[in-house]
Amino acid sequence: MARRLRGIMDAMSTGENGRSRKVLVTGAAGYIGSHTCVVLLEAGWDVVGVDNFDNSSPVALERVAELAGRPIDFVEADLRDSAAIDAIFAEHDVDAVIHFAGLKAVGQSVAEPLLYHDTNVGSTISLLGAMTRAGVFDLVFSSSCTVYGSPDVDAMPLIESSPTNAVSPYGRTKLFIEEMLQDVAATDQPWRVLSLRYFNPVGAHPSGRIGEDPVGIPNNLMPYAMQVAVGVREELSVFGGDYPTPDGTCIRDYIHVVDVAEGHLAALDALDTVEGFEPINLGTGVGSSVLEVVAAAGRAVGTPVAHRIVDRRPGDAVTVYADPAAALQRLGWKATRDLDDICVDHWRWQQKNPNGYR
Ligand code: NAD
Ligand code: UD1
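Residues numbered from 1 in each chain as written. Chains lettered and ligands numbered in written order. Predicted model: local features only at pLDDT ≥ 70, side-chain atom pairs only at ≥ 80, totals over all residues. Heavy atoms only, no water.

1. Description of the site of ligand 2
Note the threshold: Neighbouring residues are identified by heavy atoms, a residue being near a molecule or strand if any of them is within 4 Å of it. Throughout this description, a polar contact denotes any pair of N or O atoms lying within 3.5 Å of each other; where both atoms belong to protein, one of them has to be capable of donating a hydrogen while the other can accept it, and for residues adjacent in sequence the pair is counted only when both atoms sit in side chains. Residue exposure ignores everything except the shown protein chains as possible cover, and the areas themselves are Shrake-Rupley values with a 1.4 Å probe. Numbering of helices and strands runs from the N terminus, with a helix taken as a DSSP run of H or I at least four residues long and a strand as a DSSP run of E at least two residues long. Under the scheme applied, nonpolar residues are Ala, Val, Leu, Ile, Met, Phe, Trp, Tyr, Cys and Pro; charged residues are Asp, Glu, Lys and Arg; polar residues are all the others, including Gly.
Lining the immediate environment of ligand 2, one finds 20 residues, of which Ser144, Ser237, Arg252, Arg313 and Asp316 sit closest. Contact distances for ligand 2 include 2.8 Å between an oxygen atom and a side-chain N or O atom of Ser144. Here an oxygen atom of ligand 2 and a backbone polar atom of Leu221 are 2.9 Å apart. Isolated, ligand 2 exposes 730 Å² of accessible area, and the fraction of that covered by the protein chains is 85%. Here the element with the most residues in the shell around ligand 2 is strand β8 (residues 236-239); it accounts for four residues. In terms of residue class, the shell around ligand 2 is made up of eleven nonpolar, six polar and three charged.

Okay, here's the thing in structure tokens:
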């Protein structure tokens, strides 16, 4: 059914009989999912979201509809529940799927690897089965730069054909799923799959209404720094000051979450040009050190963010950043927001919602 609609009115988000095209978004209530739903709704896509709220809040979905000024269809379900996913496809005329749902905490994945394989790989198997039964073969998948592992500095910037080598159970679930997607795309079914490998998504919607809402102590740099700035935590630990970088701290490719969201809109529109499976980096191509992030956060907040250099975090790569050329060439997309935009928007979200959605 989705296939028949292709090529009819792709420039607009409308299909057969002028109806809006509809995308199923898994993990719609999550950090990247919620921002992407706003961008999709604003672009004219109809959206049906699914989430089990394992790591998110229904409030995020209310705010998505408020920001977009349009309703979002939603089903609360676990993706591993095949019958529930079949029912979504039976009820909704879905043209394409964006698959965000999954678990993402590296440390937890080391402690509970089976939970990660069951949730991330199991959900994807369930979803692909339901898509096949419904005759929907267009998919955008949330992958991660973690599939590249901890490459040497001289391997930067990373291109899509750079060697993969996931070093955590979480990273391996992403790699296994990519391999599974390559396997299904190699069948005679008409799959068109874009696997978007995000670098470090940070920031928040400029309205300050939706953003990242980590449960407990944040594992990642930006939410931790912002919780220090808002007074929820005392001081940021900078993990390692003796790396072989200009200021001794690790370098990453931080990308605004709204740029990531817009990358998904571009990916949906580019699916027509995809044959089988294709990985694409979503990064800025610019590396920033931890101390540069801390300084940018201080500029956004208006006062320095308290921090102290401590021991290295085991397993951290020194320098990781993307070559974003393929995204520009294949999706016509590039990131447009810089580190200061990221910090200003993340700070607005943090200030307005010091306890997240709670
Ligand atoms: P998130 O935790 O905010 O969102 C994931 C959503 O999936 C949550 O709302 C959660 O409740 C839902 N979910 C989890 N298991 C589910 C299940 N079995 N059934 C239904 N819903 C389920 O995470 P995010 O940051 O928005 O990440 C989205 C995707 O992007 C994930 O697949 C993640 O691995 C990937 N990714 C994230 C980052 C990042 O830094 N945020 C980087 C690279 C890749
Ligand atoms: C993390 C994930 C990775 C995922 C990526 C996407 C881990 C170990 N890795 O990567 O799988 O693909 O996010 O966003 O979680 N830092 C501090 N103090 C802190 C927190 C972080 O100094 O309190 C430093 C880290 O050492 C690192 C940088 O900040 O150098 C970024 O860390 P983080 O935000 O956790 O992202 P990654 O480690 O790049």
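2. With respect to the environment of Ser143
Selection criterion: It only takes one pair of heavy atoms within 4.5 Å for two residues to be counted as in contact.
Mapping Ser143 onto the fold places it in strand β5 (residues 138-144). As a C-alpha pair, Ser143 and Leu175 span 32 residues in sequence and 8.1 Å in three-dimensional space. For Ser143, the contacting residues outside a window of four places in its chain are Lys174, Glu178, Ser195, Leu196, Arg197 and Tyr198. At a separation of 2.8 Å, a polar atom in the side chain of Ser143 contacts the side chain of Glu178.

3. Things to note about the pairing of strand β4 (residues 96-99)
A regular strand places its side chains on the two faces of the sheet in alternate fashion. How we decide: Type-normalised accessible area, obtained with a 1.4 Å probe on protein chains alone, sets the label of each residue: buried when under 20%, exposed when over 50%, and partly exposed for intermediate values. Criterion used throughout: strands pair if DSSP finds at least two bridges between them.
Of the two faces of β4, both are covered, the one formed by Ala96 and Ile98 as well as the one formed by Val97 and His99. By the bridge criterion, four bridges tie strand β1 (residues 22-26) to β4 in an arrangement that is parallel. Bridging across to β4, Leu24 finds its partner in Val97. In the sheet, β4 pairs with β5 via three bridges, with the strands oriented parallel.

4. A look at the packing of aromatic side chains
Geometry of an aromatic ring pair is reported as the spacing of the ring centres plus the angle between the planes. Cut-off, in case you're wondering: Here a pair means two rings of Phe, Tyr or Trp (six-membered ring of Trp) with centres within 6.5 Å. Their orientation is stacked below 30 degrees between planes, edge-to-face above 60, and tilted elsewhere. Counted as over-ring charges are cases with an Arg CZ or a Lys NZ within 6 Å of the ring centre that also lie within 35 degrees of the ring normal.
Inspection of the entire model under this criterion finds four aromatic pairs. Look at Phe53 and Phe74: their rings are 5.3 Å apart centre to centre, the planes differ by 35°, and that puts the pair in the tilted class. One end of the pair, Phe53, is in the loop between β2 (46-51) and α3 (58-68); the other, Phe74, is in strand β3 (residues 73-76), and 21 residues separate them in sequence. With a relative accessible area of 28%, Phe74 lands in the partly exposed category. Judged by centre distance (5.0 Å) and plane angle (85°), the rings of Phe137 and Trp191 are edge-to-face. Taken together, the positions of Phe137 in the loop between α6 (113-134) and β5 and Trp191 in the loop between α7 (169-185) and β6 (192-198) put the pair 54 residues apart, joining distant regions of the chain. We classify Phe137 as buried; its relative accessible area is 9%. Above the plane of the ring of Tyr243 lies Arg312, whose end atom (NZ or CZ) is 4.0 Å from the centre.

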